[in-house]
Protein chains: 2
Amino acid sequence: MASEPAETTQAAADFDAMSSSKTSPSTRQTRVRRREGAIISAARNMFVTHRYAGTTMAMIAREAGVADGTLYTYFENKDALARGVISDFYKRLTESSQIGVDGKRTTRTKLDFLARHHLGCVMDERGIIEMLPALTTSLTDYAGSEVYKLNKTYVAVFDRIVREGRACGDIPGDADVSVLRDIFYGALDYGGKSLMMRSLRSGARKADMTRLVDRLVGMIVGTSSHTKSVADRLEAVADRLEASLKQVEDT
Amino acid sequence: MASEPAETTQAAADFDAMSSSKTSPSTRQTRVRRREGAIISAARNMFVTHRYAGTTMAMIAREAGVADGTLYTYFENKDALARGVISDFYKRLTESSQIGVDGKRTTRTKLDFLARHHLGCVMDERGIIEMLPALTTSLTDYAGSEVYKLNKTYVAVFDRIVREGRACGDIPGDADVSVLRDIFYGALDYGGKSLMMRSLRSGARKADMTRLVDRLVGMIVGTSSHTKSVADRLEAVADRLEASLKQVEDT
DNA sequence: AGCTAAATTGAATAAGGTTCAGCTGTCTTA
DNA sequence: TAAGACAGCTGAACCTTATTCAATTTAGCT
């Protein structure tokens, strides 16, 4: 998760494959790709260790082994470079999440993995996603941005789990998926921050994480057994009653 | 460390209270405090409309009607000024929240109000709290900061509701309060962002907010399927249904 | 009024993001 | 293979802004 070459190499390979000209591994295109990867990697290192405000373009250039001006041939400005780092982060996060989720069977274990994986990655490269708000000039701009699309792609992993969970009855209720999504990721981000602060004193990070994730996933999946008891049927009735009641109340 | 705004204000207040001399409303202390208020207010306006990166110290000085250098007699630097704005925000938020909550009777209505109030305030002065991550140099520093203490004071409003709710049986489970707190505020912040983005297209902000808050509060209070007994739940639904129908009939 | 210290000022300084005129290596074409 | 064209690269100069500080003003006091 630390080094990007996997992602960059992959992208470069795709690009080469698309262009019909067979280029040797040291063609100009390849070198440019490689260098872009090096810059993003360097920028990530600096941003993670010194935060956005604490890293200068000169630091990134030195770390990447290029001149200051070179950065501007790859990214319009410091903000765009930071957005590039975030985009890269989301790409890696999406891929590793989907792979991990595919290896789990039940709705609960999928969500459990996703939550822990998210927490781990975000805490690992803490500061990367936290740059986002400061980089968002306006919501309308953000809505059309690359980062927004990649974020949507990432959370789609969660959305799919929820929809499948609904289909097989694991997830009760009929709330909008977006509501569950906000609760899931919002709670994880806040919980992650609390976790880090608490682990400054007591190193009991793992137990704390388990408590948070269990509670959160439990809230979504529900603890109801799968036996079709009278209680379950009553529950379903209550669900429907509540839904129509809400409609009445809203008008 | 030391974000001094609150520091200074508090110190000044203490000083006045201690000195037996009755100072007229145009004493030096008073004027200083007034000016500090003007600076914080000016800074808030600029930060809200232009974000942190987009506002210059010169802009704030002009808005506050003082010279550039004057800002630095009140705040160590731009970061400290921003922290002062955040501190001020938390103070107002805490007070208005507590007042509102005190006006509600049940656990559910208290949480419902708190959630809506939080969402409203944060969306209203959006960008203020979002500055925080960028201003946090290190977690250890933050743990001892004024802003952190004020945040703790603010979320204590929530903590109290939860504890009372537990005591009277409204809130089931024995999860750590901190977990519920992270879920509550995390979900609200994320949900708030989603809300704003969605309301760019469809102006259905109110209905969306209701859905989010209901689901979230329901998860905590336990009207949801897995926490309360079915009998209790049906009873509660019947109560609400009767009340709503009465309202409908009256109109 | 005169003294002291706190407040205030705004021009000077410094840091860092950004630009751009030139340089270098690679590709293309004859 | 040599010459021309050009993409990429360079880093010193430029410009905006946060920050400093010596000088000045103002308030409080005797």
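Residues numbered from 1 in each chain as written. Chains lettered and ligands numbered in written order. Predicted model: local features only at pLDDT ≥ 70, side-chain atom pairs only at ≥ 80, totals over all residues. Heavy atoms only, no water.

1. Points about the protein's contact with DNA strand C
A:Met57, A:Lys78, B:Arg35, B:Ala67 and B:Thr70 are the nearest of the 17 residues found near DNA strand C. Near the protein, meaning within 4 Å, the atoms of DNA strand C are sugar or phosphate in a fraction of 73%, with bases accounting for the rest. Counting residues per element, the ones that place at least two in the surface near DNA strand C are α4 (68–74) of chain A together with α2 (28–54) and α4 (68–74) of chain B. (Near = heavy atom within 4 Å. Helix = DSSP H or I, 4+ residues; strand = E, 2+ residues; numbered from the N terminus.)

2. Quick word on the protein's contact with DNA strand D
Around DNA strand D lies a shell of 17 residues, among which A:Thr70, A:Tyr74, B:Arg28, B:Met57 and B:Lys78 are the nearest. What you see for DNA strand D is that sugar and phosphate hold 80% of its atoms within 4 Å of the protein. A distance of 2.5 Å is found between a phosphate oxygen of DNA strand D and a side-chain nitrogen or oxygen belonging to A:Thr70. One of the side-chain nitrogen or oxygen atoms of B:Tyr72 is found 3.1 Å away from a phosphate oxygen of DNA strand D. Listed by contribution, the elements that provide at least two residues to the surface near DNA strand D are α2 (28–54) and α4 of chain A together with α2 of chain B. A total of four residues in the surface near DNA strand D trace back to one element, the largest contributor, which is α4(A). Looking at the surface near DNA strand D residue by residue, the classes come out as five nonpolar, seven polar and five charged. (Polar contact = N/O pair within 3.5 Å; in protein donor to acceptor, adjacent residues only side chain to side chain. Nonpolar A, V, L, I, M, F, W, Y, C, P; charged D, E, K, R; others polar.)

3. Describing the pattern of salt bridges
Tallied over the full model, the rule gives 16 salt bridges over all chains. For A:Asp176, the salt bridge is made with B:Arg211, and the minimal N-O distance between the two is 3.6 Å. Residue A:Asp176 is located in the loop between α9 (146–167) and α10 (177–201), and its partner B:Arg211 is located in helix α11 (residues 205–221); the two belong to separate chains. For B:Arg211, a relative accessible area of 40% translates into the label partly exposed. For A:Asp208, the salt bridge is made with A:Arg211, and the minimal N-O distance between the two is 2.5 Å. Of this pair, A:Asp208 and A:Arg211 both sit in helix α11 (residues 205–221), separated by three residues, roughly a single helical turn. (Salt bridge = Lys/Arg side-chain N within 4 Å of Asp/Glu carboxyl O. Buried < 20%, exposed > 50% of the residue type's maximum accessible area, 1.4 Å probe, protein only.)

4. Overview of the packing of aromatic side chains
One pass over the full model with this rule turns up 16 aromatic pairs over all chains. Note on A:Tyr90 and A:Tyr154: the rings are 6.1 Å apart at their centroids and 40° apart in plane angle, and the pair reads as tilted. One end of the pair, A:Tyr90, is in helix α5 (residues 78–102); the other, A:Tyr154, is in helix α9, with 64 residues separating them in the sequence. Accessibility expressed as a relative area gives 1% for A:Tyr154, which makes it buried. Relative to B:Tyr185, the ring of B:Phe158 has its centre 5.7 Å away and its plane inclined at 65°; by these criteria the two rings are edge-to-face. With B:Phe158 in helix α9 (residues 146–167) and B:Tyr185 in helix α10 (residues 177–201), this pair connects stretches of sequence that are 27 residues apart. Exposure class is identical for B:Phe158 and B:Tyr185. Each is buried. (Phe/Tyr/Trp six-rings, centres within 6.5 Å; stacked < 30°, edge-to-face > 60°.)

5. Some thoughts on the confidence of the model for chain A
Residue and element names in this part refer to chain A. Overall, the predicted model of chain A reaches an average pLDDT of 83, with 79% of residues at or above 70. Note that pLDDT drops below 50 for residues 1–24; the model gives that stretch 25 contacts with residues more than four away or on any other chain. Scored below 50 in pLDDT, residues 224–229 shows four contacts in the model against residues more than four places distant or in partner chains. (pLDDT = per-residue confidence, 0-100. Contact = heavy atoms within 4.5 Å.)

6. A look at the domain arrangement of chain A
All names here are of chain A. Looking at the assigned domains, one finds that chain A contains domain 1 (1–74) and domain 2 (78–223). With 14 residues of domain 1 in contact, the opposing surface of domain 2 contributes 18 residues. Summing both sides of the interface, domain 1 and domain 2 together bury roughly 1500 Å²; the carbon and sulfur share of this comes to 70%. Where domain 1 packs against domain 2, one counts one salt bridge. For arginine 44, the salt bridge goes to aspartate 88, with nearest N and O atoms at 3.0 Å. Residue assignment for the side of domain 1 that touches domain 2 shows that the elements contributing at least two residues are α2 and α3 (57–64). With eight residues, the single largest contributor to the side of domain 1 that touches domain 2 is α2. Here the side of domain 1 that touches domain 2 is built from residues that sort into 10 nonpolar, one polar and three charged. (Domains from an automatic or database assignment. Buried area = accessible area lost by both parts, 1.4 Å probe.)

7. A short note on α9(B)
Residues and elements named next belong to chain B. Here α9 spans 31 Å end to end across 22 residues, near enough to the 32 Å set by a 1.5 Å rise per residue. Its axis deflected by about 30° at alanine 156, α9 carries its strongest bend there. Two residues or fewer past α9, glycine 169 is found with a positive phi of approximately 80°. (Expected span 1.5 Å × (residues − 1). Bend = angle between axes of the 7 residues up to and from the residue.)

8. Focus: the packing of helix α5 (residues 78–102) of chain B against α9(B)
Residues and elements named next belong to chain B. Close contact between α5 and α9 brings their axes to 9 Å; oriented N to C, the two are set at 15°. In terms of orientation, α5 lies roughly parallel with respect to α9. When the axes of α5 and α9 are compared, the crossing they make is left-handed. In contact with Arg83, Ile86, Ser87, Tyr90, Lys91, Leu93, Thr94, Ser97, Gln98 and Val101 of α5, α9 contributes Glu146, Val147, Leu150, Asn151, Thr153, Tyr154, Val157, Arg160 and Ile161. In terms of residue class, the contact of α5 with α9 is built from nine nonpolar, six polar and four charged. (Axes fitted to C-alpha atoms, helices over the stretch in contact; angles between N-to-C directions. Parallel < 35°, antiparallel > 145°, perpendicular 65-115°, else oblique. Left-handed = near helix turned anticlockwise from the far one by under 90°.)

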